[in-house]
Amino acid sequence: MRTETLEFCARKRLEFELREYNEDPPANISFGPTSDEDMFQWQGIIFGPLDTPIEGQIFELSLKFPIDYPCKPPKVKFETQYQRKHITEHIHPSTKALTAISSDRLLKTGIGLNALFLV
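With that settled, consider the nonpolar core. L14, W42 and F65 are the most contacted members of the largest nonpolar core, which totals 17 residues. Sorting the residues of this core by element identifies α1 (2–23), β1 (29–33), β2 (41–47) and β3 (58–64) as the ones contributing at least two each. Ranked by the residues each element gives to this core, the list is headed by α1, at 4 residues.

If you want it as structure tokens, here you go:
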């Protein structure tokens, strides 16, 4: 029963965050579930910001949320390959937040996906 409760709560949280994101989506980032049936598997796109070495580039991400989200952070993976070794230095501070985010921070700050991408 505990697993079902965790999953239900995580699903509701993700649905809420998706609604919140859709109300005011940022210009250089897009993300959402890969299907209506699986709220725990998302895809995202980050567009290379202006005046950087990656301006005009498109970077695809996959996000896998655990059933105990937000107590545990999503697993984020860059799907787009890029030649530069330190890609996160050029994309946006938000990618550093995504790759360095801890469950402790999610719990203590109540931070949501919108804030993760815009940190």
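The omega angle of the peptide bond from Y69 to P70 is 10°, so this bond is cis rather than trans. Looking at the secondary structure, you find P70 in the loop between β3 and β4 (75–78).

Bringing the packing of aromatic side chains into the picture now. Enumeration according to the criterion identifies 4 aromatic pairs in this entry. Between the aromatic rings of W42 and F65, the centroid separation amounts to 5.1 Å while the plane-to-plane angle is 65°, which identifies the pairing as edge-to-face. Here W42 is found in strand β2, whereas its partner F65 is found in the loop between β3 and β4, with 23 residues between them in sequence. Consider the rings of F65 and Y69, whose centres lie 5.0 Å apart with planes at 75°: the pair is edge-to-face. Each of the two residues, F65 as well as Y69, counts as buried. Clustering of aromatic rings is evident, with ring pairs tying together Y21, F31, W42, F65 and Y69.

Time to look at the confidence of the model for the protein. Looking at the protein, the pLDDT average stands at 76 and 67% of residues meet or exceed 70. Low confidence marks residues 88–109, where pLDDT is under 50. Its contacts with residues over four positions away, or in another chain, come to 52 contacts.

The α-helix advances 3.6 residues per turn, and as a result positions three or four apart in sequence lie on the same side. With 22 residues, α1 should reach 32 Å at 1.5 Å per residue; the first-to-last C-alpha distance of 32 Å fits that figure. Every buried residue of α1 is listed here: A10, L14, E17, L18 and Y21. Buried residues of α1, viewed axially, fall in a sector of 105°; they line one side. Along α1, exposed side chains directed more than 90 degrees from the buried face belong to E4, F8 and E23.

Read from one edge of the open sheet, 4 strands run β1-β2-β3-β4, paired in antiparallel fashion. Edge strands, defined here as strands with exactly one partner in the open sheet, are β1 and β4. Geometrically, the sheet is characterised by an average inter-axis angle of 20° between neighbouring strands, direction not taken into account. Two elements, β2 and β3, share 7 bridges in a ladder whose sense is antiparallel. Note that in β3 the partner of F47 across the bridge is I58. Against the sheet, α1 engages β1 and β2, with an angle of about 145° to β1.

Basis of the calculations
Residues numbered from 1 in each chain as written. Predicted model: local features only at pLDDT ≥ 70, side-chain atom pairs only at ≥ 80, totals over all residues. Heavy atoms only, no water. Core = buried A, V, L, I, M, F, W, Y, C linked by side-chain atoms within 4.5 Å. Buried < 20%, exposed > 50% of the residue type's maximum accessible area, 1.4 Å probe, protein only. Helix = DSSP H or I, 4+ residues; strand = E, 2+ residues; numbered from the N terminus. Phe/Tyr/Trp six-rings, centres within 6.5 Å; stacked < 30°, edge-to-face > 60°. pLDDT = per-residue confidence, 0-100. Contact = heavy atoms within 4.5 Å. Expected span 1.5 Å × (residues − 1). Arc of directions from axis to C-beta. Pairing = 2+ DSSP bridges. Axes fitted to C-alpha atoms, helices over the stretch in contact; angles between N-to-C directions.

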